[in-house]
Amino acid sequence: MRFLQLILCIGFGGGLGALSREGSMSLLHGELGMPRYIALACVNILGCLLIGLVFAFLEGTLRRDGSSRLRDLPHSKQLDDHPWWLEGDSTLSPVELLRMNRSLQAASALVITGFIGSFTTFSSFSLLTVQQLQQGATLEACISVVGSISLGLAAAWLGVHAGCRLVRKP
Amino acid sequence: MLMVMLGGALGAGARFLAQEAGQRWTKLPGWTAILAANILGSLLMGIGYGWLHGLAVLESHEALDAMQRYRDSVSINEGMALLLAGFCGGLTTFSTFSLDNLFLVYEKRGQLACNILGCLLLGVIAAWAGLFIGGQLA
């Protein structure tokens, strides 16, 4: 039953994400006249920024049992003066923890796995790269690949950092 | 619009199932599920695109008196293309890929290189192979 709810959340978020991807692709590519690979890179990088932000925000506010992946990262220094896992926050009752865990699951299914995961895409990216290589536009293919990967990584870093800042602020 | 939404919902659900299955039944690290989903989605996208492209090329050679039939098939093909864009786009993801890479930067550098290079090379090869297969199918 729980699983079914999660799947429904993901499906709903995924539908919205795919729709907004097509919408923003047609806006950037069709209305503003950008080349297709730049429009796709813009969508992907925006999605990376959003996923970093939302991930850090959700982990910092809702995951308090100490199992967060942020815990081993330098970003968690942002959260140090605001105790956000169980050793520092033992006042929470188990019921509260369970409730937080449930809402974390639902929120990350809806927003992260569903919406943002479906908003960004890898298949169009590799198809476009193949087409560029076949047409002999090797320089553009290199720009697209290197730019997407490095800017996407930088955007995810920025998003995680900003998300941690956002949580710390009372 | 509905086709894109439907495809996106199905694709995102399939990606979630792949992630869960990878966690439950194998001991591989979490990013391999996303890697597999990305490569599979690239292959499907290539196959579908090559197939539809081949169909459109074939049909443009048909006689003009079958105009109505041609229009029908074009609208079906448009629906198929949108469904394909939604499904493959929902199945593959770039944002989770980047987030995984960000964690691997801090945790395990060797796996980071594997993830980025593997995803890029295999994704491009899969899309190319898919285009070839799709062209043969049509």
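To be clear, the structure that these remarks concern was listed above.
Predicted model, so just to flag it, every value in this text is computed and none were measured.

I'd love a proper account of the overall build of chain B, names of residues and values included.
Tallying secondary structure elements over chain B gives 5 helices and 0 strands in all. Taken from N to C terminus, the helices and strands of chain B fall in the order α-α-α-α-α. Contacts spanning at least 24 positions in sequence make up 81% of the contacts within chain B whose residues lie at least 6 apart.

For the environment of L27 of chain A, give the residues involved together with the corresponding values.
Residue position: L27 of chain A is located in helix 1 (residues 2-31). Linking L27 of chain A and R2 of chain A, residues 25 residues apart in sequence, is a C-alpha distance of 37 Å.

Give a description of the packing of helix 4 (residues 123-135) of chain A against helix 5 (residues 109-137) of chain B that names residues and reports values.
Where helix 4 of chain A meets helix 5 of chain B, the closest approach of the two axes is 8 Å, and the angle between their N-to-C directions is 70°. Accordingly, the angle class assigned to the pair helix 4 of chain A and helix 5 of chain B is roughly perpendicular. Here S126, L127, T129 and V130 of chain A of helix 4 of chain A come into contact with helix 5 of chain B, specifically with G123, V124, A126, A127, W128 and L131 of chain B. The class makeup of the residues in the contact of helix 4 of chain A with helix 5 of chain B is 7 nonpolar, 3 polar and no charged.

About the criteria used
- Residues numbered from 1 in each chain as written.
- Chains lettered and ligands numbered in written order.
- Predicted model: local features only at pLDDT ≥ 70, side-chain atom pairs only at ≥ 80, totals over all residues.
- Helix = DSSP H or I, 4+ residues; strand = E, 2+ residues; numbered from the N terminus.
- Contact = placed C-beta atoms within 7 Å.
- Axes fitted to C-alpha atoms, helices over the stretch in contact; angles between N-to-C directions.
- Parallel < 35°, antiparallel > 145°, perpendicular 65-115°, else oblique.
- Nonpolar A, V, L, I, M, F, W, Y, C, P; charged D, E, K, R; others polar.

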